[in-house]
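Descriptive analysis of the structure
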Amino acid sequence: MLAGGRGQETYGEDPFLTSKIGIAYVEGLQGDHPKYLKTTACAKHYAVHSGPPEELRHSFNANPSKLDLNETYLPAFEALVTQANVQGVMGAYNAVYGEPSTSSTFLLDDILKKQWGGFNGYIVSDCGALGDILKGHKKAKTVEEAAALALIAGVNLNCGWVYNEIQSAVEKGLISESLLDERLKQLFLIRFKLGFFDKDESNPYNSIGTEVINSKENKELARKVAQQSIVLLKNDNNVLPLDKKIKSLYVTGPFSSSSNILIANYYGMSSNLVTVLEGVTEKVSLGTSLNYRQGVLPFQKNLNPLNWAPNVAKTIDATILVVGISNEIEGEEVDAIASEHKGDRKDLKLPQSQIDYIKEISEVKKGPLVLVIGTGSPVSLEDVEPYVDAIVLMWYPGEQGGNAVADILFGDVSPSGHLPITFPKNVDQLPAFDDYSMKGRTYKYMEKEPMYPFGFGLTYGQTEFSNACGNLKSISKKQDFSFSVDIKNTSKVNFEDVIQVYLVPEDTQGFLPKYSLKAFKRVELLAGETKNISFNISNQDFYQTNLEGEKAWIKGNYKLMIGNALPSKRSLKLGAAKPIEITIKLK
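In this report, the structure presented in the accompanying data block is examined. Residue numbers restart at each chain and count upward from 1, following the sequence in its written direction. Only residues with pLDDT of 70 or above have their local features reported here, since the model is predicted, and side-chain atom pairs are shown and tallied only from 80 upward, although totals for entire chains, interfaces and linings are computed over all residues. As a rule here, side-chain values come from all non-hydrogen atoms in the structure, and water together with hydrogens is ignored.

This part takes up the sheet that holds strand S12 (residues 390–393). The strand order S7-S12-S11-S10-S8-S9 describes an open sheet built from six strands, whose pairing is mixed. Where the open sheet ends on each side, the last strands, each with one partner, are strand S7 (231–235) and strand S9 (289–293). Between one strand axis and the next, the sheet turns through 15 degrees on average, direction left out of account. When DSSP finds two or more bridges between two strands, those strands count as paired. Runs of H or I in DSSP of at least four residues are treated as helices and runs of E of at least two as strands, each being numbered from the N terminus. Summarising the sheet, strand S8 (residues 248–252) and S9 pair through five bridges and their orientation is parallel. Paired with Tyr 250 across the strands is Asn 291, a residue of S9. In this description, contact between two residues means that some pair of their heavy atoms is separated by no more than 4.5 Å. Axes here refer to lines fitted to C-alpha atoms; in helices the fit is confined to the stretch in contact. Angles between the N-to-C directions go from 0 to 180 degrees. Its contacts with the sheet put helix H11 (residues 352–364) on S8, strand S10 (318–324) and strand S11 (369–374), and the angle it makes with S10 is roughly 170 degrees.

Printed below as a string of structure tokens:
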């Protein structure tokens, strides 16, 4: 069983959340000019690409149920096409229902262009994917046949070598020259939208100069984004935030001074990559005795058994231990150089060398042990959680990551990130990686109690909910639902929190999700402050996917649960606020 390795390329496990983030991302890239594009965004990998195992992806065939296809795998793509006007779509390597994604008229024509209202952008293959039509999926006997199948399905642009044989495919009568002209026309229309054939001054985005690169404003934005994404998973006895004037501090771990842990597996370079060690060094007082040792190799036992690093923690007031996975373990098959499974993982644990080092320090430490984790996908923490006092999940936080982590650790900013994915206790809680059924997967369908639930994240304060009031008790097919709720900061610190709204059916009827995220809002609360915030759930948001993969109005009794994490017993046990509920009836 493999655990997957490219989680950092996605926005999480929830279609609604992924859609909202994706829309914002596309609109930011493409701009809002009525005529010209800033650049063209590309949605990938279309479709049903929740894996597959990296070493199998060139021949893997996914057979999702109609329910799973339309409830889980397609909604974010549909949102980008219909709401964000995304200009590019990239096909996946894998096949769906026996047809390679890049030669599937079902995916590229029936759904993308017809069902979703006439997508008129360009379709591009992933690099080498058209070759998989021939070699991996064996749906073509010649390169010309592979090129023809892709062109007929709708692929405009080939990253690879197959379209080198387009002229030969035309000469052999496999495709018409008029079809080739149509595919080229779409590519040129994109160039017109980018202003390639107009005067430079015509496209206002041409006035953006190189002065914005690595600018002060963009560094500040990178820092803020990292701050808001960091998730506090544990904070026993409120050991965090640390005092900047702490007498002695120890920073250690395989990634404590690593810039590689900041940048994941697709990135642009920066002249200002700030490591955790550098961020902490800049933050603490000049009177603090700051100690540093890497302490352990990231993915293997130390070659030299003489290692004094754990013992430093014996005399230190607090220890910050930075561990993680990094792009050397999880990532694309050609990049993860320390992976035995071409970028996938065989389990969800930290490397054993890191687990052992955490335990070694825990046995001798004088002060609290704060674990900082860099990762792009879930990590099983059941082996290490009892040994540490606090856990800070920094993900792969980007160029300002070290500063952002230090801002959180020392209380200049209260943590406000929430998990966009479930953290299982271990890999045994998950179905097989190559099983594309959603049964038992994600917060929507998982039956087992996870380590950390979807939506979970602590702050340095406490949120309290009250006075939830809705405008209706029964909702018909043509009615939207509006409600408000009071949110109070019962602590003495200022913080931001992310308020989440879930639809919970009284009866799942054997196929409805146990929970469905329907809205969320980031709210800033001053110490002791109460705010009344409102939400509007559109009528369309109450439609759910039935077993035939169709959107249907499914009558019954439901609850809208409002909280700051998944409204589960596990969330409450870990310290999430008690959610408040509104009972409604879909009639």
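Okay, the packing of aromatic side chains next. When we look at a pair of aromatic rings, we describe it by the centre distance and by the angle of the planes. A pair of Phe, Tyr and Trp rings is counted when the ring centres sit within 6.5 Å of each other, with Trp represented by its six-membered ring. The angle between the planes then sorts it: under 30 degrees is stacked, over 60 is edge-to-face, the rest tilted. According to the stated counting rule, one finds 18 aromatic pairs in the structure shown. On the numbers, 5.9 Å between centres and 25 degrees between planes, the contact of Tyr 73 with Tyr 436 is stacked. With Tyr 73 in helix H2 (residues 66–73) and Tyr 436 in the loop between helix H12 (401–409) and helix H13 (442–445), this residue pair connects regions lying 363 residues apart in the sequence. Each of the two residues, Tyr 73 as well as Tyr 436, counts as buried. An aromatic cluster of at least three residues, connected via ring pairs, comprises Tyr 46, Phe 77 and Trp 116. Taking NZ or CZ as reference, Arg 191 lies 5.2 Å from the ring centre of Phe 188, over its face. Here, a charge over a ring is recorded when the distance from Lys NZ or Arg CZ to the ring centre is within 6 Å and its angle to the ring normal is within 35 degrees. Over the face of the ring belonging to Phe 535 we find Lys 521, whose NZ or CZ atom lies 4.8 Å from the ring centre. Type-normalised accessible area, obtained with a 1.4 Å probe on protein chains alone, sets the label of each residue: buried when under 20%, exposed when over 50%, and partly exposed for intermediate values.

Moving on, we come to the pairing of strand S3 (residues 88–91). Burial of S3 is two-sided: the residues Gly 88 and Met 90 facing one way and the residues Val 89 and Gly 91 facing the other way are all buried. Sheet topology note: the strand S1 (residues 42–46)/S3 ladder contains three bridges and is parallel. Within S3, the position partnered with Cys 42 by the bridge is Gly 88. Where S3 and strand S6 (residues 122–124) come together, three bridges link them in parallel fashion. If you follow Val 89 over to S6, its bridge partner there is Ile 123.

So, about the pattern of salt bridges. One speaks of a salt bridge when a side-chain nitrogen belonging to Lys or Arg is within 4 Å of a carboxyl oxygen belonging to Asp or Glu. Enumeration according to the criterion identifies 18 salt bridges in this entry. A salt bridge links Lys 444 to Glu 71, with the nearest nitrogen and oxygen atoms 2.8 Å apart. You can see Lys 444 sitting in helix H13 and its partner Glu 71 sitting in helix H2, a full 373 residues away along the chain. A residue is classified by how much of its surface remains accessible, and Glu 71, at 11% relative accessible area, is buried. Its salt-bridge partner being Glu 449, residue Lys 425 comes within 3.1 Å of it at the nearest N-O pair. In this pair, Lys 425 sits in the loop between H12 and H13 while Glu 449 sits in the loop between H13 and strand S13 (463–470), placing the two residues 24 residues apart along the sequence. Lys 425 sits in the partly exposed class, given a relative accessible area of 22%.

Pairing within the open sheet is mixed, and its five strands lie in the order S14-S22-S21-S16-S17. The open sheet is flanked by strand S14 (474–475) and strand S17 (516–525), the only strands paired with a single partner.

Right, let's get into the environment of Ser 101. As for its position among the elements, Ser 101 is in the loop between strand S5 (99–100) and helix H4 (105–115). Through-space distance from the C-alpha of Ser 101 to that of Ala 313 is 53 Å; in sequence the pair is 212 residues apart. Excluding residues within four positions of it along the chain, Ser 101 makes contact with Tyr 46, Ala 47, Ala 92, Asn 94, Ala 95, Val 96, Leu 107 and Leu 108. Any N or O atom pair separated by 3.5 Å or less is treated as a polar contact, with the protein-specific requirement of one donor-capable and one acceptor-capable atom, and with residues adjacent in sequence counted only for side-chain atom pairs. Polar contacts involving the side chain of Ser 101 include one to the main-chain carbonyl oxygen of Asn 94, which spans 2.6 Å.

Turning next to unusual backbone geometry. With omega at -5 degrees, the peptide bond leading from Lys 44 into His 45 counts as cis. Along the chain, His 45 turns up in strand S1. A cis geometry characterises the amide bond from Tyr 46 onward to Ala 47, with omega recorded as 10 degrees. Considering the arrangement of structural elements, one finds Ala 47 in the loop between S1 and strand S2 (61–62). Despite not being glycine, Asn 85 has its phi angle at roughly 55 degrees, a positive value. Structurally, Asn 85 is set in the loop between helix H3 (75–82) and S3. You will see that Asn 238, though not glycine, has its phi angle at about 50 degrees, which is positive. Looking at where Asn 238 falls in the secondary structure, it is placed in the loop between S7 and S8.

On to the environment of Asn 327. Structurally, Asn 327 can be placed in the loop between S10 and H11. Judged by its relative accessible area of 10%, Asn 327 is buried. Sequence spacing of Asn 327 and Thr 375 is 48 residues, and the spatial spacing of their C-alpha atoms is 8.5 Å. In this structure the side chain of Asn 327 is engaged in a polar contact, spanning 2.5 Å, whose partner is the backbone oxygen of Ala 264.

Geometric descriptors of this kind do not, in isolation, establish any biological role.
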